[in-house]
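What follows is each chain in one-letter form.
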Amino acid sequence: MRWRHSLCCGLLVLSYCSNALAELDLADASQHTLDNGLTVLILEEHSFPLVSVQMLYRAGARDEVPGLTGLAHFVEHMAFRGSKNFPDTGLVREVYAVGGEWHGYTWIDQTTYFATVPAEHLHLLLDIEADRMTRLDIATSDIPAERGAVLAEMHGYENDMSAVLHDASIYASLLAHPYRNNTIGWESDVKAIGSDDVAGFYARHYQPGNAILAIVGDVQTDVVLHQVRERFADLPGRDASPLPRTIEPAQTGERRVSLESPVTAQYFQFVWHAPAAASADYPAFLLLQELLSASSGTNFLHNDWGTAARPDSLLGGISADIRSWFIPTAQPYVFAIKGSIPEAGNRLAVEVAVAQATETLRSAPASKPEFERARARLLDRLLLDVQTTEDAAHQLAYFAGIDALDALLDLSRQIKALRPADVQRVAQRYLAASQRTIAWSSASPPEQMERSSEVALPMQLAARPQAAKAGQLSPGRPAKSRPVPTAEVLHLKNGAPVILQYSELSATVHLEVVIPGRWQGADAAFFTDYPVQNSSAFSKTRPATELEQLVIRAAATVEDLQASAASAAAADDPYLRMQQVFARQMSKADTVAVDREPQLIVVAGKFDRRELLRLLNKHFSSAIASRSQAADEKIPGHARTVLADTGTTTAKAVNSGDGDDRNRTLTEKSDAPAPAGQWKTNTAATASESQATLLTENIPLPLAQTRLGYIVNAPPPGDQAADVWRALLYILSHDYEGRLGKEAISRRGLVYYIDSEYRSDGASAWITLSIGVDPNKLNAMRDLLQQELQRLLSEPPSAVELDEALAHRLGRARSAAQSNAELAEKLGREWLWHGQLETPDALLRRLSRISQHDLQNALRAFTRGTIVQITSEPIDDE
């Protein structure tokens, strides 16, 4: 096939060596400005053979006017449809086809597009961004379908009362500045947007002088600049879109918002005005947030909904989910505290507790020890902002786009120069009771509450200090460190397997401790069904200097685990309910939690190998059965110690009413699945044989969006047919593309996104799809899903589709894992699925053996799963 020779050479680059940068340092980036105004930021990083590209436009919700809210976001959606040189959905399809990952989002200050691909495909990303800048195809005929996708996205947010309350509180807090605009827009405005509106916004804002292009990865600066100039230098540019002239008037009294909603909890959000990223008050406000709650850092890509308060912080314990939110912006915006309490909870108690916490910072400086601990935590948190080339490209473009890149580069120095009085000063300036907006949402209006005199305190202002000297970008520093080495597999003294992956990309370390079975842990860093189904894991990234504390925390968490409850209350959220349905279908009667001993430990990042092994042996020293035999036999350890019975319980449950027939098809009338390499399929499938069953669950609430899903038992990872099924999943649906994705999203506008996944515990596997869909479109989307399953049989995948699916898999093997958390998850999954780490050669050999005939053989089984629909009470469609 066409892809095999070319990608064979590319894949082997996974094990190459080259000169590489050590830790990602944004100050090493070089800055260049083309004659047409395009800003280009380039940072060489050679640890991984990939490249990340970010194109940012200084255009967001702030640039909209009443009646046209949501326009910037609508243009972003249109910018993924097609262009002159990438027609149809080529702007995304081509990225998928080379194994890349792409993203985009709209926010109040900017619209941004970014992608990561194997390094040799940089030219593709530059071609795409050049086309997106000036050659979009804004067809009138595409507007209705895209409007449908936007509305589907909007209604998905409306299921989350926290998101609804957020919009309402921001809108009440800002009376004049366009930052009050809801980024996704108001529904009536979105329904009225036409092609002329989209074309006008695009023409005004998408041009070189209003754009910032950041490129980070395995590149050479001079070569990249040549490629950029070839594509962008001749495009006409003009001045950047100006910032809004409106200055938000000072708030002189408390404001309140009260919403009624069909929820079984009370949601709250407290909002104060806050400084912009380039403000001299910004570093102190970041430290204020850390003292009050916990820092959100500065990376909007990582944290756009808030950071949980530390239990020992001033806000800790006020509610179970209390968190704070502070986003870097070009002009003054807001700081928020949000969370929820039970339906019968005491609102006044929450308000008083929050007021006492903020007043603590206003009334007196923090003690020196407390201040120093908070500063150290904040500086550590900033390390987590940049862990990948994608993070680096994002931060460079984002802060350049809000004219605060120099402030970002100088941020650590400014934080180190702060004193307790600086934090008290900004607390007094911004957190006065007269400057806050308090918003609540519940099922019914509360009784009149007694006002507390403690919360009405005068605002005090202080003079702003002189801005510190800003950091400067260098002209580009030379490469100075090593490539990422190969992962190492060894065993602790007690037999537990350990995978070590050393990487200097960031000064952090990630620890993953996997326990067989489904467990519950009190630590927020403990997850169930992670990194594979029917396993649980402690998973956390911390600064490398905190390695010992991280190991101790993980050991204590594992020691205190409790067996997961057999069942949980049915969720009222459609997404969570769908996951519960999937979990029931994937559960095994024999996945009983046996003990809390780790079946695998994975460490990725910067660490001293000898010290790390000493700590692991010390804190995970209880005797356990050796897993080495299971590893030698290439069988996941937990499949031998926990999943002793590997019968077809799941297959029968998934295909209720048709389970016996499916079991005969897959296992030749056996009650147990075929051994690895012997997953049986029927070679005589016809279109009429796709008989997916239907399972319906109801949530008796007027939800803005319901859910549609699909689940089918699949071959386990050790079976060669697993790769065939994963290729079929890609062909059917992958995020926004595939047969189903293209038809449902781009052509019909029925949904916004399709979550498709291959899940496995090593012994069994499942294919799942999960789709948010408006109630009035549920029937149409279900019919389309059934039609596309049938079409796989009547129109089997072509050679072109197979080539793309396999090329995507190979490319993702190179570009998907880069941060320490991603590396640990990938390595852990490989070990638990295969009992060994997956080499590039092995993956290439396996995929090279797949033919169209293999796909056709698997189609009947692939299409005989269960369609799941989560319905709600009907909603009138206007």
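The structure this text deals with has already been given above.
Residues numbered from 1 in each chain as written. Predicted model: local features only at pLDDT ≥ 70, side-chain atom pairs only at ≥ 80, totals over all residues. Heavy atoms only, no water.

Lay out the packing of aromatic side chains with the relevant residues and their values.
Tallied over the entire structure, the rule returns 34 aromatic pairs. Considering the side-chain rings of Y736 and Y753, the 5.1 Å spacing of their centres and the 70 degrees angle between planes classify their relative orientation as edge-to-face. One end of the pair, Y736, is in the loop between α24 (721-732) and α25 (738-747); the other, Y753, is in strand β23 (residues 751-760), with 17 residues separating them in the sequence. On the basis of relative accessibility, which here comes to 30%, the residue Y753 falls in the partly exposed class. Judged by centre distance (6.5 Å) and plane angle (40 degrees), the ring pair of Y752 and Y753 falls under tilted. The exposure class assigned to Y752 is partly exposed, which follows from its relative accessible area of 25%. Members of the aromatic cluster, joined through ring pairs, are Y57, F80, Y96, W102, Y113, Y202, Y206, Y736, Y752 and Y753. The ring centre of Y171 lies 3.5 Å from the NZ or CZ of R180, which sits over that ring. Over the face of the ring belonging to W325 we find K338, whose NZ or CZ atom lies 5.0 Å from the ring centre. (Phe/Tyr/Trp six-rings, centres within 6.5 Å; stacked < 30°, edge-to-face > 60°. Helix = DSSP H or I, 4+ residues; strand = E, 2+ residues; numbered from the N terminus. Buried < 20%, exposed > 50% of the residue type's maximum accessible area, 1.4 Å probe, protein only. Lys NZ or Arg CZ within 6 Å of the ring centre and 35° of its normal.)

So, the pattern of salt bridges: which residues are in play, and what are the values?
The final tally for this structure, using the stated rule, is 45 salt bridges. Salt-bridge contacts for D131 lead to R135; the nearest nitrogen and oxygen are separated by 2.5 Å. Of the charged contacts in the structure, one is a salt bridge between E788 and R791, with a shortest N-O distance of 3.0 Å. Of this pair, E788 and R791 are both found in helix α26 (residues 778-794), three residues apart, which corresponds to roughly one turn of the helix. A relative accessible area of 5% means that E788 is categorised as buried. Using a relative accessible area of 25% as the deciding quantity, one classes R791 as partly exposed. The network of salt bridges with shared partners includes D88, E737, K742, E743, R747 and R748. (Salt bridge = Lys/Arg side-chain N within 4 Å of Asp/Glu carboxyl O.)

Could you give an account of the environment of N713, naming the residues involved and the relevant values?
In this structure, N713 sits in strand β22 (residues 706-714). Relative accessible area serves as the criterion here: at 9%, N713 is assigned to the buried category. Along the chain, N713 and M586 lie 127 residues apart, while their C-alpha atoms are 8.5 Å from each other. Of note is the side chain of N713, whose polar atom sits 2.8 Å from the backbone oxygen of A765. (Polar contact = N/O pair within 3.5 Å; in protein donor to acceptor, adjacent residues only side chain to side chain.)

So, the sheet that holds strand β3 (residues 50-57): which residues are in play, and what are the values?
In space, the six strands of this open sheet follow the order β1-β2-β6-β3-β5-β4, with mixed pairing throughout. Of all strands in the sheet, those bounded by a partner on one side alone are β1 (30-33) and β4 (101-106). In this sheet, neighbouring strand axes are inclined to one another by 15 degrees on average, regardless of whether the strands run parallel or antiparallel. The pairing of β4 with strand β5 (residues 111-118) spans six bridges and is antiparallel. From the neighbouring strand, W102 faces β5, where its bridge partner is A115. Contacts from helix α3 (residues 90-97) reach β4 and β5 within the one sheet, and its direction differs from that of β4 by about 145 degrees. Sitting on the sheet, helix α9 (residues 221-232) touches β1, β2 (39-44), β3 and β6 (211-217), and the angle it makes with β2 is about 150 degrees. (Pairing = 2+ DSSP bridges. Axes fitted to C-alpha atoms, helices over the stretch in contact; angles between N-to-C directions. Contact = heavy atoms within 4.5 Å.)

Lay out α26 with the relevant residues and their values.
One turn of the α-helix equals 3.6 residues, which is why residues spaced by three or four share an orientation. A rise of 1.5 Å per residue sets the reference length of α26, with its 17 residues, at 24 Å; its end C-alpha atoms lie 24 Å apart and thus fit the reference within 8%. Of all the positions in α26, only L778, M781, R782, L784, L785, E788, L789, L792 and L793 are classed as buried. (Expected span 1.5 Å × (residues − 1).)

Explain unusual backbone geometry to me, and be specific about the residues and the numbers.
Residue Y530 is joined to P531 through a cis peptide bond whose omega torsion reads 0 degrees. By the element assignment, P531 lies in the loop between β17 (526-528) and β18 (535-543). At D88, a position not held by glycine, the phi torsion is positive, near 60 degrees. With respect to the helices and strands, D88 occurs in the loop between α2 (71-78) and α3. Taking relative accessible area as the criterion, D88 reaches 43% and is therefore assigned partly exposed. Even without being a glycine, D735 presents a positive backbone phi close to 65 degrees. Within the element layout of this structure, D735 appears in the loop between α24 and α25.

Hey, could you go over the pairing of strand β10 (residues 323-326) for me, with residue numbers and the actual values?
Because side chains alternate across β10, one face comprises the buried residues R323 and W325, and the other comprises S324 and F326, equally buried. Both strand β9 (residues 307-308) and β10 contribute to a ladder of two bridges, which runs antiparallel. Counterpart to T307 in the pairing with β10 is S324. Hairpin connection, β10 to strand β11 (residues 333-342): the antiparallel pair is bridged by six residues.

Could you give me a rundown of helix α19 (residues 609-619), with the residues and numbers involved?
Those residues of α19 not exposed but buried are L612, L613, L615, L616 and N617. Along its buried surface, α19 packs onto β13 (488-491), β14 (497-502), β15 (508-516), α17 (547-559) and β20 (600-605). One side-chain oxygen at the N-terminal end of α19 lies 3.3 Å from the backbone nitrogen of R610; it belongs to D608.

How would you sum up the sheet that holds β14? Please name residues and give values.
Across the sheet, which stays open at both edges, the six strands sit in the order β13-β14-β20-β15-β18-β17 with mixed pairing between neighbours. Of all the strands in the sheet, just β13 and β17 have a single pairing partner and so form its edges. Going from strand to strand, the sheet's axes swing by 20 degrees on average, the running direction of each strand aside. Looking at chain direction, β15 and β18 are connected through nine bridges and run antiparallel.

Explain the environment of T112 to me, and be specific about the residues and the numbers.
Among the secondary structure elements, T112 is positioned in strand β5. Sequence separation between T112 and G60 is 52 residues; the distance between their C-alpha atoms is 9.4 Å. Not counting residues within four places of it along the chain, the set of residues in contact with T112 comprises Q54, M55, L56, H103, G104 and Y105.

For the nonpolar core, give the residues involved together with the corresponding values.
One finds L38, V228, F232 and M781 to be the most contacted residues of the largest nonpolar core, which totals 199 residues. No other element matches the nine residues that α24 contributes to this core. The next biggest cluster of nonpolar side chains, apart from the first, holds 28 residues, and it includes L500, V509, I515 and A525. (Core = buried A, V, L, I, M, F, W, Y, C linked by side-chain atoms within 4.5 Å.)

Describe the pairing of β5, with residues and values.
Burial within β5 is extensive, with eight of its eight residues counted as buried. Pairing geometry for β3 and β5, over eight bridges, is antiparallel. Each bridged residue has a counterpart across the sheet, and for L50 the counterpart in β5 is P118. Hairpin connection between β4 and β5: a loop of four residues separates the two successive antiparallel strands.

Describe the environment of L292, with residues and values.
With respect to the secondary-structure elements, L292 resides in helix α10 (residues 282-292). Taking the C-alpha atoms as reference points, L292 and D312, separated by 20 residues in sequence, lie 9.8 Å from one another. Excluding anything up to four places from it in sequence, L292 contacts S313, L314, L315, F335, I337, A357, T358 and L361.

Without other data, these values stay purely geometric and don't point to any function.
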